[in-house]
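Examining the three-dimensional arrangement
So the chains spell out like this:
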Amino acid sequence: DTAVSQTPKYLVTQMGNDKSIKCEQNLGHDTMYWYKQDSKKFLKIMFSYNNKELIINETVPNRFSPKSPDKAHLNLHINSLELGDSAVYFCASTPGQGRAREKLFFGSGTQLSVL
Amino acid sequence: QKEVEQNSGPLSVPEGAIASLNCTYSDRGSQSFFWYRQYSGKSPELIMFIYSNGDKEDGRFTAQLNKASQYVSLLIRDSQPSDSATYLCAVTGSYGKLTFGQGTILTVHP
């Protein structure tokens, strides 16, 4: 009954491959996010969806494509993987209203290693 | 200037001491301030939030906010080895964007 779950936990792949990471939340939250955390622990937002609509799209290469089939799911597809994509990717969610929408609930993370 | 800046540490304190973690931010219009704790290999977890100037206490944790100085801090009293983690400061800026600092590594040694 994990609140925000993402799969896989580890992903090791070769440069140039295409891979996907899946995220699901059972908290009834309206907003979901993808964050990237680099080796120095710096956590940076990539995308945000509110009720399946894209609301934040930071400066991310267009090799990264998020997809939200419904408000409980937000997947991340990455084309033509590069060495610099190696990082931990966190899915997160927040309620849609008021100040509660600023309080992030994170998934357990996906450690992506591009060889 | 980074939007949210923290001393990356590591900060090392003895068990039972007070750990003081600091964070500064550049956007004067920032309204909401958060502290997340992240254990090694785990995801960040929200432990404190503060909206108004002054202190906010929750158990052994106290968040302090000074908007005039654009400064937010987290005090951990009676530090325990289980408090050893990376502490991430996060700030919601004028346009509603949440930005994280680079985190401070805290080590509490017995």
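In the block above lies the structure referred to throughout.
Residues numbered from 1 in each chain as written. Chains lettered and ligands numbered in written order. Predicted model: local features only at pLDDT ≥ 70, side-chain atom pairs only at ≥ 80, totals over all residues. Heavy atoms only, no water.

Summing up its helical and strand segments, chain A has 0 helices and 11 strands in all. Starting at the N terminus, the α and β elements of chain A follow one another as β-β-β-β-β-β-β-β-β-β-β. Relative to the 2.2 N^0.38 estimate, which gives 13 Å for 115 residues, the radius of gyration of chain A is 13 Å and therefore close to what a compact globule would have. Projecting the C-alpha coordinates of chain A onto the three principal axes gives extents of approximately 40 × 25 × 25 Å. Each of the 115 residues in chain A was classed as buried or not, and the buried ones make up 42%. A separation threshold of at least 6 residues defines the contact pool for chain A, and within that pool the share at least 24 residues apart is 54%. Taking the 14 positively charged and 11 negatively charged side chains of chain A as two groups, their mean positions are separated by 3 Å. (Helix = DSSP H or I, 4+ residues; strand = E, 2+ residues; numbered from the N terminus. Rg over C-alpha atoms; globule rule 2.2 N^0.38 Å. Buried < 20%, exposed > 50% of the residue type's maximum accessible area, 1.4 Å probe, protein only. Contact = heavy atoms within 4.5 Å. Lys, Arg positive; Asp, Glu negative; His and termini not counted. Charge placed at Lys NZ, Arg CZ, Asp CG, Glu CD.)

Turning next to the pattern of salt bridges. Residues and elements named next belong to chain A. Per the stated rule, a full pass over the model turns up 7 salt bridges over all chains. Taking the shortest distance from any N to any O, the salt bridge between arginine 63 and aspartate 85 comes out at 2.8 Å. Of the two residues, arginine 63 is situated in the loop between strand E6 (53–57) and strand E7 (64–70) and aspartate 85 in the loop between strand E8 (73–78) and strand E9 (87–94); the sequence distance between them amounts to 22 residues. By relative accessible area, aspartate 85 is classed as buried at 3%. (Salt bridge = Lys/Arg side-chain N within 4 Å of Asp/Glu carboxyl O.)

Let us now look at the state of the cysteines. What the rule picks out here adds up to 2 disulfides over all chains. Two residues, cysteine 23 of chain A and cysteine 91 of chain A, share a disulfide whose sulfurs are 1.8 Å apart. Because the sign of the S-S torsion sets the handedness, a value of about -75° for the bond joining cysteine 23 of chain A and cysteine 91 of chain A places this disulfide among the left-handed ones. Note that cysteine 23 of chain A is positioned in strand E3 (residues 19–25) and cysteine 91 of chain A in strand E9, a separation of 68 residues in sequence. In this structure cysteine 23 of chain A comes out as buried when scored by relative accessible area, which is 1%. What makes cysteine 91 of chain A buried here is its relative accessible area of 0%. Through a disulfide, cysteine 23 of chain B is tied to cysteine 89 of chain B; the S-S separation comes to 2.0 Å. Handedness here is read from the sign of the S-S torsion; for cysteine 23 of chain B and cysteine 89 of chain B, about -75°, the answer is left-handed. Taken together, the residues span a long stretch of sequence, with cysteine 23 of chain B in strand E3 (residues 19–25) and cysteine 89 of chain B in strand E9 (residues 85–92) at a distance of 66 residues. Here cysteine 23 of chain B matches cysteine 89 of chain B in class, with each residue buried. (Disulfide = S-S within 2.5 Å.)

With 20 residues of chain B at the contact, the number on the chain A side is 16 residues. Between chain B and chain A, a total of about 1,500 Å² is buried, with carbon and sulfur atoms accounting for 55% of that surface. Linking chain B with chain A are 3 residue pairs in polar contact (both at pLDDT 80 or more), by the criterion used here. Mapped onto the side of chain B that touches chain A, the elements with two or more residues apiece are strand E4 (32–38), strand E5 (45–50), E9 and strand E10 (98–100) of chain B. Per-element tally for the side of chain B that touches chain A: the top contributor is E4 of chain B, with 4 residues. (Buried area = accessible area lost by both parts, 1.4 Å probe. Polar contact = N/O pair within 3.5 Å; in protein donor to acceptor, adjacent residues only side chain to side chain.)

This paragraph deals with unusual backbone geometry. Across the junction of threonine 7 of chain A and proline 8 of chain A, the peptide omega takes the value 0°, indicating a cis bond. Turning to its location among the elements, proline 8 of chain A is positioned in the loop between strand E1 (4–7) and strand E2 (10–13). For lysine 52 of chain A, which is not a glycine, the phi torsion comes out positive at approximately 75°. Secondary-structure assignment places lysine 52 of chain A in the loop between strand E5 (43–50) and E6. The phi angle at glutamine 70 of chain B is positive, at roughly 55°, despite the residue not being glycine. Here glutamine 70 of chain B is to be found in the loop between strand E7 (61–66) and strand E8 (71–76).

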